[in-house]
Amino acid sequence: MSVIGKVSLILDSFTADDRGIGFAELQRRTGLAKATLHRLTGEMVDARLLDRVDGKFHLSGHLFALGMRASVERSLIEVATPFLEDLYERTHETVHLGLREGGEVVYVAKIGGHRQARAPSRLGGRLPLHATAIGKALLAFAPDSVREDVLTRPLGRLAPRTVTSAVMLRRQLDEAAETGLTYEAEESAVGIVCVGAPVLDGDDLAVAAISVAGPATRFHPRKHGASVKAAAAGIAITLARRSA
């Protein structure tokens, strides 16, 4: 493996829930030799890709700043933020913006108030496409090859109600392709329900997706489907105008 590959392996070993990783744990996650890992982490600290605080490694603020320079994500977040804020004001529940990376949704924006539900989503975190409304929106409007790749692989279970049947998931995706909306009923976590919609490009493929999630005890996703769909369409139109 190249040096760049090893550096990427180290960076990818951090999760959204980490509050610092010790050297031994970082070695376990990466599988790199102790001497190699010691040398690379030292160089990454010097290069401001990692911070080391009280013996634990953290992704650095400099790395975050570099990430925010990524043109696609920055433009998307800038465009989407007003629409996400409007959705939050309408629902007062947790609002997400996500991108597809492989078979997962990556959360790039999240707005929630003081009473936000304890959803498993984390800013910068990932969840399987099939287990969330936002992921299903990305999957329903992904290229056929991506859909088939997900549908032909085992569908992991995150909660008792996670859809693990490819037949059922395909039916949900076909419905989403017609309605432009997706739903989650306690599939990523017990007690969480959600409605999602894709942000489409000129070829009707999802460049991103948005969702609103809340507790099953008070949030009724189908009542907010029109608002979520309108917000996603607004983001898509604004993105198209910027690129014209």
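Residues numbered from 1 in each chain as written. Predicted model: local features only at pLDDT ≥ 70, side-chain atom pairs only at ≥ 80, totals over all residues. Heavy atoms only, no water.

- The name given to the protein chain in an unreviewed UniProt entry is IclR family transcriptional regulator, with Paractinoplanes ovalisporus as the source organism.

**Re the pattern of salt bridges**
Then, number 1: Tallied over the full model, the rule gives 11 salt bridges.
Then, number 2: Residues E186 and R161 are paired through a salt bridge, measuring 3.5 Å at the closest nitrogen-oxygen approach. Separated by 25 residues along the polypeptide, E186 in the loop between β7 (182-185) and β8 (192-200) and R161 in the loop between α7 (144-151) and α8 (166-179) bring together distant segments of the chain.
Then, number 3: Within the structure, one salt-bridge network assembled from shared partners comprises E25, R28 and R29. (Salt bridge = Lys/Arg side-chain N within 4 Å of Asp/Glu carboxyl O. Helix = DSSP H or I, 4+ residues; strand = E, 2+ residues; numbered from the N terminus.)

**What about the packing of helix α6 (residues 133-140) against α8?**
Helix-helix packing is characterised by the crossing angle of the two axes and by the distance between the axes.
Then, number 1: Interaxial distance between α6 and α8 falls to 9 Å at its minimum, and their mutual angle equals 75 degrees. By the criterion of interaxial angle, the relationship of α6 to α8 is roughly perpendicular. Here K136, L139 and A140 of α6 come into contact with α8, specifically with L169, Q172, L173 and A176.
Then, number 2: Split by residue class, the contact of α6 with α8 holds 5 nonpolar, 1 polar and 1 charged. (Axes fitted to C-alpha atoms, helices over the stretch in contact; angles between N-to-C directions. Parallel < 35°, antiparallel > 145°, perpendicular 65-115°, else oblique. Contact = heavy atoms within 4.5 Å. Nonpolar A, V, L, I, M, F, W, Y, C, P; charged D, E, K, R; others polar.)

**What to know about the side chain of H130**
Then, number 1: Within the fold, H130 resides in the loop between β6 (126-128) and α6.
Then, number 2: Of the residues examined, H130 reaches a relative accessible area of 6% and is grouped as buried.
Then, number 3: Here G156 takes part through its backbone oxygen, which lies 2.7 Å from a polar atom of the side chain of H130. (Buried < 20%, exposed > 50% of the residue type's maximum accessible area, 1.4 Å probe, protein only. Polar contact = N/O pair within 3.5 Å; in protein donor to acceptor, adjacent residues only side chain to side chain.)

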